Amino acid sequence: MAKYVCTVCGWMRPGFYMDGEMVLSWDEMKEMGYAEVQEDGRLLEVSGNLDGLLVIGEDVTKLDGNLYSLFKGTPLQEVWIPRTVTDLGRYLVAGTSIREVRLFCPVTVLQNNAFSESLNNPACLESVWLPDTLVEIGNNAFEKCTALTHLDLPASVEKLGYAFIYDNGLTSLQLPPHLKDVSSAFYSSRLQQVILPATVEKIGSFSYCDASVIDLSATQVTAIPDKCFQYCYNLETLRLPAGLQTFGYGCFADNRSLKQLELPDGLKSLGNTWLENIETLVWPVSLIDVNGHQPEHLSTIYYRGTEKQWKLNGANNKWDLSGVTVICNFTGTLD
């Protein structure tokens, strides 16, 4: 295969390969009806008993598969997409046996469901090479990719769409350093921990995320949305941002594993967060509003202020803390 590879960019001569050898050139594929390319550059269909690697020709500018995959019905194992492509379409690997896709095209956006395997049983995709021009990854982009266990996100990525790794095989993921918008990106993901970078300003729902650790401490997030951590059954450690101002309704509903929580200085209101399973709480002096119902398993409060400040705290009139141990002048952390 090496004799066909550009030593500068890694690109290969377009065509179909088996066992490292070109079997059909791209022009031969079109002439024989294995590849249909429109005059406007749209690749409409690839067909035939092509069990190997396909390197798409540079006369293609758009992959026009959508719900009906370009490669459906072929036994292709690997596909390379050229620098000329500006539109990848959706469901690129749906209904196929493709294991690897390499993107040489400088696209900035992966569309919704770009690599979704929700139509595949079993899922086959194991590897995706993403370009360093990528800025946004769409909703459900890698949905049901259960064979995908590693993914390198380019440093250029700033936005992750809703449930972009929904129910796929990834248990770890290094997030880009300039990430800004994560929406509800980690909804129903299998990640074991999520550590968001300092550039993130807003988050969405983490519901059904498998992570035992979620770290928001470096972010600029000021508000936790409603039901943010609902059904995060494995969550044991949650680190909150220093600038946090508000909690939404029912943030911890049906959250079974989180037993301790350190609230940041400056937080004034706890809201109705449903902290029913919390046993240990670090309480800042600023927190005076706890209108929500009292955590039924709360046993210990570590208070950031003095005993006198605690006695003056308005929360004492809203929760019955007679059976709770309160430790004042706390300056440490729970980690």
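A brief look at the structure comes next. Please read all numbers here as calculations on a predicted model, not as lab measurements.

Parameters at a glance
- Residues numbered from 1 in each chain as written.
- Predicted model: local features only at pLDDT ≥ 70, side-chain atom pairs only at ≥ 80, totals over all residues.
- Heavy atoms only, no water.
- Helix = DSSP H or I, 4+ residues; strand = E, 2+ residues; numbered from the N terminus.
- Rg over C-alpha atoms; globule rule 2.2 N^0.38 Å.
- Buried < 20%, exposed > 50% of the residue type's maximum accessible area, 1.4 Å probe, protein only.
- Contact = heavy atoms within 4.5 Å.
- Lys, Arg positive; Asp, Glu negative; His and termini not counted.
- Charge placed at Lys NZ, Arg CZ, Asp CG, Glu CD.
- Pairing = 2+ DSSP bridges.
- Axes fitted to C-alpha atoms, helices over the stretch in contact; angles between N-to-C directions.
- Salt bridge = Lys/Arg side-chain N within 4 Å of Asp/Glu carboxyl O.
- Core = buried A, V, L, I, M, F, W, Y, C linked by side-chain atoms within 4.5 Å.
- Phe/Tyr/Trp six-rings, centres within 6.5 Å; stacked < 30°, edge-to-face > 60°.
- Lys NZ or Arg CZ within 6 Å of the ring centre and 35° of its normal.
- Right-handed = clockwise from strand over helix to strand, strands pointing away.

1. Description of the overall build of the protein chain
And then number 1: For the protein chain, the helix and strand inventory stands at 2 helices and 21 strands.
And then number 2: Over its C-alpha atoms the protein chain spans a radius of gyration of 26 Å, topping by over 25% the 20 Å that the globule rule assigns to 335 residues.
And then number 3: Principal-axis analysis of the C-alpha atoms gives the protein chain an extent of 85 × 35 × 30 Å.
And then number 4: For the protein chain, buried positions account for 49% of its 335 residues.
And then number 5: A separation of at least 24 residues holds for 36% of the contacts in the protein chain among residues at least 6 apart in sequence.
And then number 6: Placing the 24 positive and 40 negative side-chain charges of the protein chain at their respective mean positions leaves the two points 6 Å apart.

2. Some words on the sheet that holds strand 2 (residues 21-25)
And then number 1: In spatial order, the strands read 2-1-5-7-8-10; together these 6 strands make up an open sheet with mixed pairing. Of all strands in the sheet, those with a lone pairing partner are strand 2 and strand 10 (127-129), marking the two edges. In this sheet, adjacent strand axes meet at a mean angle of 15° when their direction is disregarded.

3. Some points on the sheet that holds strand 11 (residues 136-137)
And then number 1: Pairing is parallel in the open sheet, where 3 strands are placed in the order 9-11-12. Lying at the two open borders of the sheet, with one neighbouring strand each, are strand 9 (109-110) and strand 12 (159-160).
And then number 2: The sheet contact formed by strand 9 and strand 11 spans 2 bridges and is parallel. Within the sheet, the bridge partner assigned to V109 lies in strand 11 and is E136.

4. Digging into the pattern of salt bridges
Side chains that differ in charge, positive against negative, can pair when their charged atoms come close.
And then number 1: For the coordinates displayed, the defined rule picks out 14 salt bridges.
And then number 2: Of the charged contacts, one joins E136 and K159 as a salt bridge, the two residues approaching to 3.9 Å between their closest N and O atoms. With E136 in strand 11 and K159 in strand 12, the pair connects residues that are 23 residues apart, well separated along the chain.
And then number 3: Residues K144 and D167 are paired through a salt bridge, measuring 2.8 Å at the closest nitrogen-oxygen approach. Here K144, found in the loop between strand 11 and strand 12, pairs with D167, found in the loop between strand 12 and strand 13 (193-195); they are 23 residues apart in sequence, far enough to count as distant.

5. Focus on the nonpolar core
And then number 1: Ranked by internal contacts, the top residues of the largest apolar core, which has 93 residues, are F115, F142, F186, F206, I224 and F229.
And then number 2: When residues no more than four places from it in sequence are discounted, the contact partners of F206 are F186, V194, L196, I214, L216, C228, F229 and C232.

6. A short note on the pairing of strand 19 (residues 280-283)
And then number 1: Residues of strand 19 alternate between two faces, with T280 and V282 on one and L281 and W283 on the opposite face, all of them buried.
And then number 2: Relative to strand 19, strand 18 (residues 260-262) runs parallel, the two being bridged by 3 bridges. Across the sheet, the residue bridging to E262 is V282, located in strand 19.
And then number 3: Of the strand pairs in this sheet, strand 19 and strand 20 (residues 300-303) are connected by 4 bridges, and their pairing is parallel. When the sheet's bridge partners are listed, V282 is paired in strand 20 with Y302.

7. Comments concerning the packing of aromatic side chains
And then number 1: On inspection of all chains with the given rule, the structure shows 19 aromatic pairs.
And then number 2: Centroid distance F229 to F252: 5.5 Å. Interplanar angle 15°. Geometry classified as stacked. Taken together, the residues span a long stretch of sequence, with F229 in the loop between strand 15 (223-224) and strand 16 (237-239) and F252 in the loop between strand 17 (246-247) and strand 18 at a distance of 23 residues. Across the pair, F252 and F229 agree in class, each one buried.
And then number 3: These aromatic residues form a ring-pair network of at least three members: Y162, Y166, Y187, Y208, Y231 and Y233.
And then number 4: Over the ring of Y233 we find R256; its NZ or CZ atom is 4.1 Å from the centre of that ring.

8. Section: the side chain of S207
And then number 1: In this structure, S207 sits in the loop between strand 13 and strand 14 (213-215).
And then number 2: On the basis of relative accessible area, S207 is assigned to the buried category, the value being 6%.
And then number 3: Discounting chain neighbours no more than four positions away, the residues touching S207 are F186, Y187, S188, K227, C228, Q230 and C232.

9. Digging into the pairing of strand 20
And then number 1: Bridge count between strand 20 and strand 21 (residues 325-327): 3 bridges; the pairing is parallel. Within the sheet, the bridge partner assigned to I301 lies in strand 21 and is V326.
And then number 2: In this fold, strand 20 hands off to helix 2 (residues 307-312), which returns the chain to strand 21; that crossover is right-handed.

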